[in-house]
Amino acid sequence: MEDLRIDSDRLWASLMEMARIGATPAGGVCRLALTDLARESRDLFIAWCEEAGCATHFDAVGNIFARRAGADDARAPVMTGSHLDTQPTGGKFDGAYGVIAGLEVVRTLNEHGIQTVAPLEVAVWTNEEGCRFTPSMAGSGAFAGVYDLDHVLARRDESGVSIGAELTRIGYAGDARPGARPVAAYFEAHIEQGPVLEAENTIIGVVTGGQGKRSYEVTVSGQEAHAGTTPMAVRRDALQGAVRMIAEVDRIAHDHAPQAVATVGMVSTKPNSRNTIPGTAFFSADMRHPDRGILDAMDAEFRRACDDIARASGLGADIVEVSRYQPVAFDETCIAAVRAAAGRLGYSHRDIVSGAGHDACYLARVAPTGMIFIPCENGVSHAEIENATAADVAAGCNVLLHAMLEFAGRH
Ligand code: HGY
Ligand code: MN
Ligand code: MN
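Fair warning: this is a prediction, and the values are worked out from it, not measured in the lab. (Residues numbered from 1 in each chain as written. Chains lettered and ligands numbered in written order. Predicted model: local features only at pLDDT ≥ 70, side-chain atom pairs only at ≥ 80, totals over all residues. Heavy atoms only, no water.)

Draft legend 1. Quick peek at the overall build of the protein. From N to C terminus, the protein includes 12 helices and 16 strands. Against the 2.2 N^0.38 benchmark of 22 Å for 411 residues, the protein shows a C-alpha radius of gyration of 23 Å, consistent with a compact globule. Dimensions of the protein, computed from the C-alpha atoms along their principal axes, are close to 80 × 45 × 40 Å. Looking at the protein as a whole, 55% of its 411 residues are labelled buried. Contacts spanning at least 24 positions in sequence make up 79% of the contacts within the protein whose residues lie at least 6 apart. Counting only carbon and sulfur atoms, one obtains 51% of the accessible surface of the protein, whose full area is about 16200 Å². (Helix = DSSP H or I, 4+ residues; strand = E, 2+ residues; numbered from the N terminus. Rg over C-alpha atoms; globule rule 2.2 N^0.38 Å. Buried < 20%, exposed > 50% of the residue type's maximum accessible area, 1.4 Å probe, protein only. Contact = heavy atoms within 4.5 Å. Areas by Shrake-Rupley, 256 points an atom, 1.4 Å probe, with all protein chains shown as cover.)

Draft legend 2. Structural detail: the coordination of the manganese ion (ligand 2). Looking at the manganese ion (ligand 2), one finds its protein donor set to be His 83 (NE2), Asp 94 (OD) and His 190 (NE2), positioned 2.1 to 2.3 Å from the metal centre. Counting the intervening residues between successive donors of the manganese ion (ligand 2) yields the motif H-x10-D-x95-H. Distance-wise, the manganese ion (ligand 3) is placed 3.5 Å from the manganese ion (ligand 2), both being coordinated by Asp 94. Pair noted here: His 83 is in the loop between strand E3 (78–82) and helix H3 (96–111) and Asp 94 is in the loop between E3 and H3, with a separation of 11 residues, a long-range link. (Donors = N, O, S within 2.8 Å, 3.2 Å for Na, K, Ca; no water.)

Draft legend 3. Broad picture of the coordination of the manganese ion (ligand 3). Around the manganese ion (ligand 3), the protein contributes the donor atoms Asp 94 (OD), Glu 129 (OE), Glu 129 (OE) and His 382 (NE2), which lie 2.2 to 2.6 Å from the metal centre. Counting residues between consecutive donors of the manganese ion (ligand 3) along the chain gives the motif D-x34-E-x252-H.

Draft legend 4. Main features of helix H12 (residues 390–408). Over its 19 residues, H12 extends 26 Å from the first C-alpha to the last, a length consistent with the 27 Å expected when each residue adds 1.5 Å. Burial within H12 is extensive, with 15 of its 19 residues counted as buried. (Expected span 1.5 Å × (residues − 1).)

Draft legend 5. Molecular detail of the site of ligand 1. Around ligand 1, the structure places Glu 128, Glu 129, Arg 288, Ala 356, Gly 357 and His 382. In the environment of ligand 1, a nitrogen atom lies 3.1 Å from a nitrogen or oxygen atom belonging to the side chain of Glu 128. A distance of 2.7 Å separates an oxygen atom of ligand 1 from a polar side-chain atom of Arg 288. Protein contact buries 93% of the 210 Å² of open area that ligand 1 shows by itself. Broken down by class, the residue content of the shell around ligand 1 amounts to one nonpolar, two polar and three charged. (Near = heavy atom within 4 Å. Polar contact = N/O pair within 3.5 Å; in protein donor to acceptor, adjacent residues only side chain to side chain. Nonpolar A, V, L, I, M, F, W, Y, C, P; charged D, E, K, R; others polar.)

Draft legend 6. Spatial organisation of the state of the cysteines. Across all of its chains, the model carries zero disulfides by this definition. Left unpaired, Cys 30 is separated from the closest cysteine sulfur, that of Cys 131, by 8.1 Å. Classification of Cys 131 by relative accessible area gives partly exposed; the value is 30%. (Disulfide = S-S within 2.5 Å.)

Draft legend 7. Summary view of the nonpolar core. Formed by 98 residues in total, the largest nonpolar core has its most connected members in Met 18, Phe 45, Tyr 97, Phe 187, Ile 204 and Val 399. Tallying contributions element by element places H12 first for this core, with 11 residues. Membership of the second largest hydrophobic core comes to 23 residues, among which are Ala 238, Met 245, Met 287 and Cys 306. (Core = buried A, V, L, I, M, F, W, Y, C linked by side-chain atoms within 4.5 Å.)

Draft legend 8. Unusual backbone geometry, seen in detail. The omega torsion of the bond from Thr 134 to Pro 135 falls at 0°, within 30 degrees of zero and hence cis. Among the structural elements, Pro 135 can be located in the loop between strand E4 (120–124) and helix H4 (138–143). The omega torsion of the bond from Ala 257 to Pro 258 falls at 5°, within 30 degrees of zero and hence cis. Here Pro 258 shows up in the loop between helix H8 (238–255) and strand E9 (261–263). Residue Asn 127 is not a glycine yet carries a positive backbone phi of 55°.

Draft legend 9. Summary view of the packing of helix H1 (residues 8–19) against H12. At their nearest, the axes of H1 and H12 sit 10 Å apart, and the two run at 110° to each other. Judged on the interaxial angle alone, H12 and H1 are roughly perpendicular. Residue-level inspection shows Ser 8, Leu 11, Trp 12 and Leu 15 of H1 in contact with H12, the latter providing Ala 390, Val 393, Ala 394 and Cys 397. (Axes fitted to C-alpha atoms, helices over the stretch in contact; angles between N-to-C directions. Parallel < 35°, antiparallel > 145°, perpendicular 65-115°, else oblique.)

Draft legend 10. How the structure looks around the packing of aromatic side chains. Applying the stated criterion across every chain yields a total of 10 aromatic pairs. Centre to centre, the rings of Trp 125 and Tyr 186 are 6.1 Å apart; their planes meet at 65°, and the pair counts as edge-to-face. Pair noted here: Trp 125 is in the loop between E4 and H4 and Tyr 186 is in strand E5 (residues 185–191), with a separation of 61 residues, a long-range link. With relative accessibility at 1%, the residue Trp 125 sits in the buried group. (Phe/Tyr/Trp six-rings, centres within 6.5 Å; stacked < 30°, edge-to-face > 60°.)

Draft legend 11. The environment of Glu 377, seen in detail. Tracing the backbone shows Glu 377 in the loop between strand E16 (369–374) and H12. On the accessibility criterion, Glu 377 (39% relative accessible area) is partly exposed. Taking the C-alpha atoms as reference, Glu 377 lies 7.2 Å from Glu 198; in sequence the two are 179 residues apart. Discounting residues that sit within four places of it in the chain, Glu 377 has contacts with Glu 198 and Asn 387.

Draft legend 12. Structural context of empty space enclosed by the protein. Enumeration according to the criterion identifies one cavity of 30 Å³ or more in this entry. As a volume, the largest cavity reaches approximately 70 Å³. As for the largest cavity, its lining consists of Ala 33, Leu 34, Ala 38, Ser 41, Arg 42, Leu 84, Asp 85, Val 124, Trp 125, Thr 126 and Asn 127. It is helix H2 (residues 36–51) that contributes the most residues to the lining of the largest cavity, three residues altogether. Across the lining of the largest cavity, the residue classes tally to six nonpolar, three polar and two charged. (1 Å grid on protein atoms, 1.4 Å probe; cavity = no way out; pocket = protein on both sides within 12 Å on 5 of 7 lines; lining within 4 Å. Points joined across faces, edges and corners; volume = space filled by probe spheres on them.)

In short, shape yes, function no, at least from these values alone.
What follows is the structure, given as structure tokens:
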């Protein structure tokens, strides 16, 4: 078994074929959750898995599970997977790599006639990115009991369309309630999406856990008025208030350097007219830190800053926290299996905490969980230039194969 390896060319070819669904002229992928492109990618994945002899099903939030029977099929499955939805300016690897790597594990075991004792499952989690619908990681969150099924189905995008309606429209509204079944272990392969592995010329990240995140939507309310006739002293300009609050988001992260990060990715105003003072402004805020206490302190500072600015400017500030998760530690036995597999396979490796959120962060609540990172070019992700090498893609998949085999056993 030690010399068992995946087929790198087959893995790369399937990754590139999947990347054609939603391909952008700049070389990226735009495949938002539950769109027609998402359906196309889901259909392709299911076709590949059924060609590989898997039984497939999907649950009530559209999480897909491709199951390869084990010799003792009554056992809880050893699971892997990730997501197929992308950011608007997404790349070929974020999410899709973990899904296709799981399929390649199945294909490799088929090719070598190897049956595992426990069954294997490859999962595709719904709405991991959280850009079309909030919250992010909604599918894995429903599976792990973080979110109630009805809460997820009722979430709406900016046009008012709900997750439930889109699942029905694209044919992925399953019957099975998410979760409520045992998982022996979960492993997820993913690009690091940051600069550490590449900077250290290291192939495998042995992920020990993930940092915490708090995600907000802020609505600042003032008063529309004429841009030409309203004296500065009497204005209640919602956008000017939002600008000062947004500056505080950045300051708070810098005050908690070097580990804190904070991002304002969405800004809009109403009526959004060049000669009317904005009566309403909206912005998102995303704050993260590996330490729970510091993340809570950042939250308190952010809320206080918004309230102080609103009061000083005669504005209203409504802060809605759309999602949060605490820093998570992965399972020691899964971490050890990843580290040992990387070592046996001769890959340079190092422990690392994930800066990004992943479905694994929620699976860790219901199953022993580990992750495998590989480098990405210049540490860039959530961008059309996102890139990884075929060699690193194959290395991560080989580690995934051997870590899963350690838990599933060979018949
Ligand atoms: O936001 C995240 O960390 C993930 O990429 N959805
Ligand atoms: Mn991802
Ligand atoms: Mn992502």
